Amino acid sequence: MHCDTLPAPLRMRCDTDEVKSVSVLEGDSVTLNTDVKVQKDDQILWVYRLDSSETRIAEIYKQIIDMFDSDVMYGDRLRMDRQSGSLTIRNIRTTDSGLYKLSIFSKNISYRSFSVNVYGEYN
């Protein structure tokens, strides 16, 4: 979702999209930072996008964490920080490469994306 697709009253509270490129060596860990402190009624949503398919992988809403079915794709390698909503992928694999989309619904609304490129030792 983009700020310009929101109704006018919400558009004024929306920060525009930004994409951050992240390169990481296979087997390492990576943390995708939200740069926020989660408040009581905030919603932080992480979505993984590969090609045209999007999958919800983690969410904090009203201080409750839901990891959806992320264990299917990540096993126990995925963690969401309760205080910041930042997402950490441990022992990252090349199959984890893709676009990680972050939606933050707080006093303001913001959207960010992280383009994660996992490369092997010989790439």
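Relevant structure appears above.
Model, not experiment: these values are computed from the prediction.

The rules behind each value
- Residues numbered from 1 in each chain as written.
- Predicted model: local features only at pLDDT ≥ 70, side-chain atom pairs only at ≥ 80, totals over all residues.
- Heavy atoms only, no water.
- Phe/Tyr/Trp six-rings, centres within 6.5 Å; stacked < 30°, edge-to-face > 60°.
- Helix = DSSP H or I, 4+ residues; strand = E, 2+ residues; numbered from the N terminus.
- Buried < 20%, exposed > 50% of the residue type's maximum accessible area, 1.4 Å probe, protein only.
- Pairing = 2+ DSSP bridges.
- Axes fitted to C-alpha atoms, helices over the stretch in contact; angles between N-to-C directions.
- Core = buried A, V, L, I, M, F, W, Y, C linked by side-chain atoms within 4.5 Å.
- Polar contact = N/O pair within 3.5 Å; in protein donor to acceptor, adjacent residues only side chain to side chain.
- Contact = heavy atoms within 4.5 Å.

Caption draft 1: Representation of the packing of aromatic side chains in the model. Applying the stated criterion across every chain yields a total of 3 aromatic pairs. An angle of 40 degrees between the planes, with centres 5.6 Å apart, marks the rings of Trp-46 and Phe-114 as tilted. In this pair, Trp-46 sits in strand 4 (residues 43-50) while Phe-114 sits in strand 10 (residues 109-119), placing the two residues 68 residues apart along the sequence. Across this residue pair, the class does not change: Trp-46 and Phe-114 are buried. A centroid spacing of 6.1 Å and a plane angle of 85 degrees characterise the contact between Phe-105 and Tyr-111, whose relative ring orientation is edge-to-face. A relative accessible area of 4% means that Tyr-111 is categorised as buried.

Caption draft 2: How the structure looks around the sheet that holds strand 8 (residues 87-89). Reading across from one edge, 3-8-7 is the order of the 3 strands in this open sheet, with antiparallel pairing throughout. At either end of the open sheet lies a strand with only one pairing partner, and these are strand 3 (30-32) and strand 7 (78-80). Going across the sheet, the axis of each strand differs from the next one's by a mean of 20 degrees, ignoring polarity. Bridge count between strand 7 and strand 8: 3 bridges; the pairing is antiparallel.

Caption draft 3: Quick look at unusual backbone geometry. Although it is not a glycine, Asp-35 adopts a positive phi angle of roughly 60 degrees. Relative to the assigned elements, Asp-35 resides in the loop between strand 3 and strand 4. Residue Asp-35 is classed as exposed on the basis of its relative accessible area, which comes to 68%. At Gln-63, a residue that is not glycine, the phi angle is positive and equals roughly 70 degrees. Along the polypeptide, Gln-63 turns up in the loop between strand 5 (53-61) and strand 6 (64-66). A relative accessible area of 45% places Gln-63 in the partly exposed class.

Caption draft 4: Local environment of the pairing of strand 9 (residues 98-105). Burial of strand 9 is extensive: 6 of the 8 residues sit out of reach of the surface. Note that strand 4 and strand 9 share 7 bridges and pair antiparallel. Across the sheet, residue Arg-49 finds its bridge partner in strand 9, namely Leu-99. Remark: 3 residues form the turn of the hairpin made by strand 9 and strand 10, two consecutive strands paired antiparallel.

Caption draft 5: Region of interest: the nonpolar core. Ranked by size, the top nonpolar core spans 23 residues in total, and within it Leu-32, Trp-46, Leu-87, Tyr-100 and Val-116 carry the most contacts. Every element with two or more residues in this core is listed here: strand 2 (19-25), strand 3, strand 4, strand 5, strand 7, strand 8, strand 9 and strand 10.

Caption draft 6: Local environment of the side chain of Ser-84. Within the secondary structure, Ser-84 is located in the loop between strand 7 and strand 8. For Ser-84, the side chain forms a polar contact with the side chain of Ser-86, separated by 3.0 Å. Excluding its chain neighbours within four sequence positions, the residues that come into contact with Ser-84 are Thr-34, Val-36 and Val-38.

These values are about where atoms sit, not about what they do.
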